[in-house]
Amino acid sequence: MGYDPENPMADRITDIGPPHYSKFHPPVIAKNKGKWLWHEITQAGVMVHKAESGDECWTIRVGAARLISTSLIFEMCDIADAHCDGYLRFTTRNNVEFMVDDKAKVQPLLDDLASRGNKFPVGGTGAGVTNIVHTQGWIHCHTPATDASGVVKAVMDELFDYFVTMKLPAQVRVALACCLNMCGAVHASDIAILGVHRKPPMIDHTRITGVCELPLAIASCPLGAVKPAKAEVDGKEIKTVKVNNDRCMYCGNCYTMCPAMPLADPDGDGIAILVGGKVSNSRTVPKFSKLVIPFLPNTPPRWPETVEAVKNILEVYAKDARKYERVGEWCERIGWEKFFEKTGIPFTIKSVDDYRLAYDTWRTTTQFKYTSHVK
Amino acid sequence: MAKHDTPLLDELESGPWPSFVTDIKRQAEVNPDCWDILGQLELSFKDRITHWKHGGIVGVFGYGGGIVGRYSDVPKLFPGVEHFHTVRVNQPASKYYSTENLRALMKLWDKHGSGMTNMHGSTGDIILLGCRTEALEPFFWDLTHDLKQDLGGSGSNLRTPANCLGESRCEWSCYDTEEACHHLTMHYQDEIHRPAFPYKFKFKFSGCPNDCVAALARSDFAVIGNWRDDIQMDQAEVKAYVDGTTIPNGGAHRDGDWGTFDIQKEVIDLCPTECMWMEGDELKIDNSECTRCMHCINVMPKALRPGKEKGASISIGAKAPILDGAQFATLIIPFIKVTKDDEFESVIDVIEEVWDWWMTVGKNRERVGETIMRVGLPTFIKVMGLDPIPQMVKEPRSNPYVFWSEEEVPGGFERDVDAFRKKHAA
């Protein structure tokens, strides 16, 4: 019995939703839900949660690539079967959490994880760098301006020490989105790695008629740079579009709507770095990430320019910020002119906003600091 | 035996972080099609550009979402990834799994697809990465019949809702995030599977203002736990922090050299509303001034806890920058009870009020936050039938361009210009 292509609608089941979460709670979680008292991180990657009942849930957090195989997941299941009564969970940042109900079970689990090479690094808690959330990149996406898994692997290799320790002023959330669509929503991250295009789309006149609804392509441009046009294809005049290159900001929204307007390019595409975003409401309100490096080239396999830029920002922050201060809070306390001075990142006109709501970011006070920028 | 040389990717097999390249090679021993994943990615590394064609409309009968079509633009070189569609499977709330369930799902994916996954995608789904068109219906049949599981959302529909783990393992959660997420996911199955909206719409449920699922930054409809009475305090535990018995911030700064804990510097001086002080060795809080930012609770989890009168704030309209720029969600309802007792009716009422309006007024591919921007927050507040309150804004407007309705102005808008001219020569 199974799917019958002759009878596709027979016995069809739809709209049943996900399984109820309570089936998957480890016993200590099921018993103490809603009755937790406090938690403590006892070492990087190891947390204990104490319940009113006196029960303890010990969690071992392990980093993983976001792109993982069923083989690796089966191995995770083996670990959970051996140590955790057959339960595990994943975090929103692609970490894996193995939970046990007794402190005595922690060390054997850590030993088991350590025996498996570098597959299961324990860390990602507290004042460190946890896993980088990211998008698909070249492994699966049709609009990327950079890869995702490759860049992330290169950056995490370099930041690894900050994953397995908690010595930063606060947690630092790094995120990568491989184009401006930001499936990875990097707009509120401490350090954001963002794929950007720099060339306007090409128009494939031979293809546009069949694949593209011209009014939608025209309407998709936020800057009105896409206009109706005519072109000759095989001696026949066809309706198509043209792009005002001076107006284009390479967002790629037209390509999303119209496959005949590709804009990716090996030399045009690369990475922008944004810093200082945060999501939490703790101390200061949530902040957007701000663009500090407009472009770094795509240099596979290890993107050394991007790795260096991220590491530099992180290490200057680590040295200069106060305890509890997130990257964005540090930037605002010292002033952005000081951020550029301390990090040695050149300030360029490309960091000055000229898009909508830009005025909010212009300085309208005489309060500033004298840095080398003031000649 | 490797099917393609991958000298560039091979360089990503060294280093301390787990290597996805090593992992795909391991999977290729199980499913040889994975060699072509590596082959095409190597080509992208060499060419510095993607080799996936634009889009591709595929799906399962009766659903308008849950599958993302993808085709290689070099299928002759890499036939194993000629079709490489993504399947989004709706994750269980909080992302706990039994190994029994997870193994069954992975076996199913080995049977029908590449064996590569994302655990999980950005919105929260289990992402099964890469299968052929003809595998989709058989996969869906097995998923629904054998595993009793279902697809998540994609396209202009309700995207798969997501939550922080909430009360299941966190002492700060102000409502049952996983039950709210599961309940609303089940309640809105039609909206998840059949696109009927102007654009995507996301729900996210965080248990407290730390907002671990980034609801305020990423969801059209953010339900963020909050409380309205006093922070619960245990003065004996406060003393234990002050005298150094208890490690501050739940041990999160354990590896740094930050000196001894200073409650004045690390808690009281960092309070954004300056509503805390010490009297002798007792910590005092003027709770009427507190904005519940969580900092003091984060730093002293054994001494301080959220209050007892718990619920959530509802903020609406967050999105990433495409197109008009990034938006955080705007606070619309400061405090609401969120409970299974009324089947989450209070939240559902708000959701449907938003949808009724947005489905009429929203333009094609306009997120609700952009619709609100376009028509203005005052209009949205009226649509929602809410009283305007200062909590909805950071500050009052600084321009005087106020719209008045005719009824608000004595005598209305219709006037007699002849009568005016009799008194005022032109």
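Note that the structure is a prediction, hence the values are computed from the model and not measured.

A count of helices and strands for chain A gives 10 helices and 12 strands. Overall, the C-alpha framework of chain A stretches about 75 × 75 × 35 Å when taken along its three principal axes. The proportion of buried residues among the 375 residues of chain A is 59%. In chain A, the proportion of contacts linking residues at least 24 apart, taken out of those at least 6 apart, comes to 65%. When the accessible surface of chain A is summed, it comes to about 15,200 Å², and 53% of that surface belongs to carbon and sulfur atoms. Separation between the mean location of the 44 positive side-chain charges and that of the 43 negative ones in chain A comes to 7 Å.

Below, the discussion takes up the overall build of chain B. Within chain B, the regular secondary structure consists of 15 helices and 14 strands. Taken along its principal axes, the extent of the C-alpha atoms in chain B is 90 × 80 × 45 Å. For chain B, buried positions account for 59% of its 426 residues. Long-range pairs, those at least 24 residues apart, make up 63% of the contacts in chain B between residues at least 6 apart in sequence.

So, on to the state of the cysteines. Inspection of every chain in the model, using the stated rule, returns one disulfide over all chains. A sulfur-sulfur separation of 2.5 Å characterises the disulfide bridge that pairs Cys212 of chain A with Cys258 of chain A. Because the torsion about its S-S bond is -130 degrees, the bridge between Cys212 of chain A and Cys258 of chain A counts as left-handed. Separated by 46 residues along the polypeptide, Cys212 of chain A in the loop between helix 5 (205-211) and helix 6 (214-219) and Cys258 of chain A in the loop between helix 7 (253-257) and strand 11 (270-275) bring together distant segments of the chain. Considered together, Cys212 of chain A and Cys258 of chain A belong to a single accessibility category, that of buried residues. With no disulfide of its own, Cys183 of chain A has Cys141 of chain A as its nearest cysteine by sulfur position, at a separation of 6.2 Å. Cysteine Cys293 of chain B remains unbridged, with the sulfur of Cys271 of chain B as its closest cysteine sulfur at 6.4 Å.

Tallying each qualifying case throughout the model produces 45 salt bridges over all chains. In this structure, the salt-bridge partner of Arg103 of chain B is Asp81 of chain A, at a minimum N-O distance of 2.7 Å. Linking Arg103 of chain B in helix 4 (residues 99-112) with Asp81 of chain A in helix 2 (residues 70-83), this pair reaches from one chain into another. Note on Asp81 of chain A: relative accessible area 37%, which makes it partly exposed.

Let's shift gears to the sheet that holds strand 3 (residues 56-62) of chain A. If you trace the six strands from one edge of the open sheet to the other, you get 1(A)-2(A)-3(A)-6(A)-5(A)-3(B), paired in antiparallel fashion. In this open sheet, the two edge strands, each paired with only one partner strand, are strand 1 (36-43) of chain A together with strand 3 (96-98) of chain B. Averaged over all pairs of adjacent strands, the angle between strand axes in this sheet comes to 25 degrees, irrespective of strand direction.

Attention now moves to the interface of chain A and chain B. Counting residues at the interface gives 135 residues for chain A, matched by 132 residues for chain B. Summed over the three residues of chain A that lose the most area to chain B, namely Trp138, His140 and Tyr324 of chain A, the buried surface amounts to 7% of that side. Between the two partners, chain A and chain B, sit 13 salt bridges. Connecting chain A to chain B are 83 residue pairs in polar contact (both at pLDDT 80 or more). No other element matches the 10 residues that helix 2 of chain A contributes to the side of chain A that touches chain B. Class assignment for the residues of the side of chain A that touches chain B results in 70 nonpolar, 39 polar and 26 charged.

Let's shift gears to the domain arrangement of chain B. All names here are of chain B. For chain B, the domain assignment lists domain 1 (7-145), domain 2 (162-228 + 310-392) and domain 3 (232-305). With 11 residues of domain 1 in contact, the opposing surface of domain 2 contributes 15 residues. With both sides pooled, the region where domain 1 packs onto domain 2 buries about 1,000 Å², and carbon together with sulfur makes up 44% of that total. A per-residue breakdown of the area domain 1 buries against domain 2 is headed by Ser94, Tyr96 and Thr123, which together make up 39% of the total. There are zero salt bridges connecting domain 1 and domain 2. At the junction of domain 1 and domain 2, the tally comes to eight residue pairs in polar contact (both at pLDDT 80 or more). Taken together, the residues that form the side of domain 1 that touches domain 2 break down as three nonpolar, eight polar and no charged.

Moving on to helix 3 (residues 106-114) of chain A. All names here are of chain A. All buried positions along helix 3 are accounted for by Val106, Leu109, Leu110, Asp112 and Leu113. Taken down its axis, helix 3 places every buried residue within 160 degrees of arc, on the same side. Contact partners of the buried residues in helix 3: strand 1, strand 2 (46-51), strand 3, helix 2 and strand 6 (96-100).

Moving on, we get to the side chain of Asn32 of chain A. Residues and elements named next belong to chain A. In this structure, Asn32 sits in helix 1 (residues 27-32). Judged by its relative accessible area of 2%, Asn32 falls in the buried class. Here the side chain of Asn32 touches Asp55 through a polar contact of 3.0 Å, side chain to side chain. Excluding anything up to four places from it in sequence, Asn32 contacts Ala51, Ser53 and Asp55.

So, about the pairing of strand 5 (residues 87-90) of chain A. Every second residue of strand 5 of chain A is oriented toward a common face, with Tyr87 and Arg89 of chain A on one face and Leu88 and Phe90 of chain A on the other, all of them buried. Pairing geometry for strand 5 of chain A and strand 3 of chain B, over three bridges, is antiparallel. Paired with Arg89 of chain A across the strands is Tyr96 of chain B, a residue of strand 3 of chain B. Note: strand 5 of chain A against strand 6 of chain A, two bridges, orientation antiparallel. By the bridge assignment for strand 6 of chain A, Phe90 of chain A is matched with Val96 of chain A. Between strand 5 of chain A and strand 6 of chain A, which follow one another and run antiparallel, lie five residues, and Asn94 of chain A among them has a positive phi close to 65 degrees.

Another aspect to go through is the nonpolar core. Here is a general trend for soluble globular proteins: nonpolar side chains tend to be buried in one another's company. Met76, Phe98, Ile273 and Phe339 of chain A together with Val87 of chain B are the most contacted members of the largest nonpolar core, which has 118 residues in total. Per element, the largest residue contribution to this core is nine residues, and it comes from helix 4 (residues 149-163) of chain A. Within the second largest apolar cluster, 37 residues are counted, among which are Tyr175, Ile348, Trp358 and Phe380 of chain B.

What follows deals with the environment of Val68 of chain B. Residue and element names in this part refer to chain B. Its location among the elements puts Val68 in strand 1 (residues 67-68). Between the C-alpha atoms of Val68 and Gly155, which are 87 residues apart in sequence, the distance is 9.0 Å. Look past the residues within four positions of Val68 in its chain and what remains in contact with it is Val58, His85, Thr86 and Arg88.

So, about the packing of helix 2 of chain A against helix 2 (residues 20-30) of chain B. Two elements in contact, helix 2 of chain A and helix 2 of chain B, have axes whose closest approach is 8 Å; the angle formed by their N-to-C orientations is 95 degrees. Classified by the interaxial angle, the pair formed by helix 2 of chain A and helix 2 of chain B is roughly perpendicular. Contact residues: helix 2 of chain A offers Thr70, Ser71, Leu72 and Glu75 of chain A, while helix 2 of chain B offers Asp23, Arg26, Gln27 and Val30 of chain B. Of the residues assigned to the contact of helix 2 of chain A with helix 2 of chain B, the class counts are two nonpolar, three polar and three charged.

Rules used throughout
Numbering of residues starts from 1 in every chain and runs along the sequence as written. For naming, the first written chain is A and the first written ligand is 1, with later ones following in the order written. In view of the model being predicted, local features appear only for residues whose pLDDT reaches at least 70, and side-chain atom pairs are presented and counted only at 80 or more, with totals across whole chains, interfaces and linings using the full set of residues. Working from all heavy atoms in the structure, the side-chain values ignore hydrogens and water. Numbered from the N terminus, helices here are DSSP runs of H or I no shorter than four residues, and strands are runs of E no shorter than two. Type-normalised accessible area, obtained with a 1.4 Å probe on protein chains alone, sets the label of each residue: buried when under 20%, exposed when over 50%, and partly exposed for intermediate values. Pairs of residues are marked as contacts when any of their non-hydrogen atoms sit within 4.5 Å. For accessible areas, the Shrake-Rupley method is used with a probe of radius 1.4 Å. Any residue's cover is judged against the shown protein chains and nothing else. In summary, the charge assignment counts Lys and Arg as positive and Asp and Glu as negative, without counting His or the chain termini. To locate a charge, take NZ of a lysine, CZ of an arginine, CG of an aspartate or CD of a glutamate. The criterion for a disulfide is a pair of cysteine sulfur atoms lying within 2.5 Å. Just to be clear on terms, a salt bridge is a Lys or Arg side-chain nitrogen sitting within 4 Å of an Asp or Glu carboxyl oxygen. Pairing between two strands is assigned when DSSP locates at least 2 bridges connecting them. Fitted lines through C-alpha atoms serve as axes, helices being fitted only where they are in contact, and the angles separating the N-to-C directions of these axes extend from 0 to 180 degrees. We define buried area as the total accessible area lost by two parts upon association, computed with a 1.4 Å probe and summed across both. N or O atoms within 3.5 Å of each other form a polar contact, as long as, within protein, one can give a hydrogen and the other can take it, and as long as residues adjacent in sequence are counted only when both atoms are side-chain atoms. Residue classes follow a fixed rule: Ala, Val, Leu, Ile, Met, Phe, Trp, Tyr, Cys and Pro count as nonpolar, while Asp, Glu, Lys and Arg count as charged, and any other residue, Gly among them, counts as polar. Delimitation of the domains relies on an automatic or database domain assignment. Directions pointing from the helix axis toward each C-beta atom define the arc. Within this scheme, the nonpolar core is defined by two criteria: the residues are buried Ala, Val, Leu, Ile, Met, Phe, Trp, Tyr or Cys, and they are joined through side-chain atoms within 4.5 Å. Orientation is classified from the angle alone, with under 35 degrees giving roughly parallel, over 145 giving roughly antiparallel, 65 to 115 giving roughly perpendicular, and any other angle giving oblique.

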